[in-house]
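Tertiary structure, described
Here are the chains, one letter per residue:
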Amino acid sequence: MIVIIGGGPAGLAAALSAKENGADKVLILERDCRLGGILNQCIHNGFGLHTFKEELTGPEYAQRYIDRVLEAGIEFKLNTMVTHISAEREVTYVNSQEGTVTVKADAVILAMGCRERPRGALNLAGYRPAGIYTAGTAQRLMNIEGYKVGNRVVVLGSGDIGLIMARRLTLEGAKVELVAELLPKSGGLKRNIVQCLEDYGIPLKLSHTVTRVYGKNRVTGVDISQVGPDLRPIPGTEEHYECDTLLLSVGLIPENELSKSAGVKLDSKTGGAVVGDNLETSVPGIFSCGNVLHVHDLVDHVSEEAETAGFYAAEFVKKLWKEN
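Residues numbered from 1 in each chain as written. Predicted model: local features only at pLDDT ≥ 70, side-chain atom pairs only at ≥ 80, totals over all residues. Heavy atoms only, no water.

**Focus on the overall build of the protein chain**
The number of helices and strands found in the protein chain is seven helices and 20 strands. Radius of gyration (C-alpha) of the protein chain: 21 Å, near the 20 Å computed for a compact globule of 324 residues. Every one of the 324 residues in the protein chain was classed for burial, and the buried ones make up 51%. For the protein chain, restricting intrachain contacts to residue pairs at least 6 apart in sequence, the fraction spanning at least 24 positions comes to 60%. Surface summary for the protein chain: the accessible area is close to 14900 Å², and the carbon and sulfur share equals 50%. (Helix = DSSP H or I, 4+ residues; strand = E, 2+ residues; numbered from the N terminus. Rg over C-alpha atoms; globule rule 2.2 N^0.38 Å. Buried < 20%, exposed > 50% of the residue type's maximum accessible area, 1.4 Å probe, protein only. Contact = heavy atoms within 4.5 Å. Areas by Shrake-Rupley, 256 points an atom, 1.4 Å probe, with all protein chains shown as cover.)

**Describing the side chain of Ser207**
Relative to the helices and strands, Ser207 resides in the loop between β14 (204-206) and β15 (208-214). Excluding residues that lie within four positions of it along the chain, Ser207 makes contacts with Glu181, Leu182, Leu183, Pro184, Ser225, Gln226 and Val227.

**Notes on the side chain of Asn95**
Inspection of the secondary structure assignment puts Asn95 in strand β7 (residues 90-95). One polar contact links Asn95 to Thr80, side chain to side chain, over a distance of 3.1 Å. At a separation of 3.2 Å, a polar atom in the side chain of Asn95 contacts the main-chain amide nitrogen of Gln97. Each residue touching Asn95, except ones within four places of it in the same chain, is listed here: Lys77, Asn79 and Thr80. (Polar contact = N/O pair within 3.5 Å; in protein donor to acceptor, adjacent residues only side chain to side chain.)

**Some details on the environment of Ile5**
The residue Ile5 is located in strand β1 (residues 2-5) in this model. The sequence separation of Ile5 and Leu27 amounts to 22 residues, and the corresponding C-alpha distance is 8.6 Å. Not counting residues within four places of it along the chain, the set of residues in contact with Ile5 comprises Leu29, Val82, Ile85, Val91, Val108, Ile109, Leu110, Ala111, Met112 and Leu258.

**Concerning the sheet that holds strand β8 (residues 99-104)**
The strands making up a sheet associate through backbone hydrogen bonding, with each pair oriented either parallel or antiparallel. With antiparallel pairing, the three strands of this open sheet are ordered in space as β6-β7-β8. Bordering the open sheet on either side are β6 (81-85) and β8, each of which pairs with just one other strand. Between one strand axis and the next, the sheet turns by 25° as a mean value, whatever way the strands run. With four bridges connecting them, β6 and β7 associate as antiparallel partners. Directly across from Val82, in β7, lies its bridge partner Tyr93. (Pairing = 2+ DSSP bridges. Axes fitted to C-alpha atoms, helices over the stretch in contact; angles between N-to-C directions.)

**With respect to unusual backbone geometry**
Backbone geometry at Lys53 places phi at a positive 60°, although glycine is not the residue there. Note that Lys53 resides in the loop between β3 (45-47) and β4 (56-57). At Ser207, a residue that is not glycine, the phi angle is positive and equals roughly 55°.

**Some thoughts on the packing of aromatic side chains**
In the structure shown here, the tally under the stated rule is five aromatic pairs. Between Phe311 and Tyr312, the ring centres sit 5.0 Å apart and the planes meet at 80°, which makes this aromatic pair edge-to-face. On the basis of relative accessible area, Tyr312 is assigned to the partly exposed category, the value being 33%. Here the aromatic cluster, defined as three or more aromatic residues joined through ring pairs, consists of Phe52, Tyr61 and Tyr65. Across the ring face of Phe52, the terminal group of Arg64 is positioned such that the distance to the ring centre comes to 5.0 Å. (Phe/Tyr/Trp six-rings, centres within 6.5 Å; stacked < 30°, edge-to-face > 60°. Lys NZ or Arg CZ within 6 Å of the ring centre and 35° of its normal.)

**Considerations on the pattern of salt bridges**
Counted according to the given criterion, the structure contains 13 salt bridges. Arg168 is the partner of Glu172 in a salt bridge, and the nearest nitrogen-oxygen pair spans 2.8 Å. Close ionic contact of Lys205 with Glu239 constitutes a salt bridge, the shortest N to O distance being 2.5 Å. With Lys205 in strand β14 and Glu239 in strand β17 (residues 239-242), this pair connects stretches of sequence that are 34 residues apart. Its relative accessible area of 22% is what places Lys205 among the partly exposed residues. Taken together, the shared-partner salt bridges in this structure form one network comprising Asp32, Arg140 and Glu145. (Salt bridge = Lys/Arg side-chain N within 4 Å of Asp/Glu carboxyl O.)

The structure is reproduced here in structure tokens:
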């Protein structure tokens, strides 16, 4: 059996590839209440141009794979949290129906994705008022839960999700004061800078960062300062912006706590596992793909990489069967 941790784009593509390449039994374990992962909240278009040769929204892209998983009869468990993976490929998970269960896998594919860098990593001066969100949290609240997170917004970080949320908030009637970026160039795709900022007249300030947050109960404003080549704020360059919401789009971190529990060696630069050409980690039979391996720009590349992981995981299992 091949156990896949995560039912997002990487997990779905890996499961299909493993099944199509001869794996008899494949099990997807997903902690959310539905398959699709982060794509479910990405309602903008721009997905699938490489994979499907057409432009799709995130949920549409995910559904293409979900339909194929259902057709292939691949087993999956939702609302299921994996708590531990051992070096012997024993996977422990917990859910409300079965309680705590440990299964012995022939191979494991890590497809947990990544998480956002939180406010605590930024050392922002000020109190801890309401109105500070990571961009992904705000995206989920707006696109899935149906809440409007704010009316006057400052976005820190010009990664793709920050740019997309600047447009999303504008379309919902909010005023996005500016997008500030610490580095001298944006980390987002050029098309997103044009379509999400320039088309809506939202200013982008490069080499700037938030140096102070005002407000006790709710954000009332922020100070934006210019930074020098050493990325430190330059005294005297502060500008004050009144706002009720601060969105943080300041980087993604591969979600590798489970990988550590299995003894998988991690790369200090990418934050993901050290893998060979076959995407096998330092622990035999454990493979890694998608954003848990390294953060990708396009979901199409995640799917392509995951198919490779699924293929080699199936080959590993078939070799194991022959030996036994």
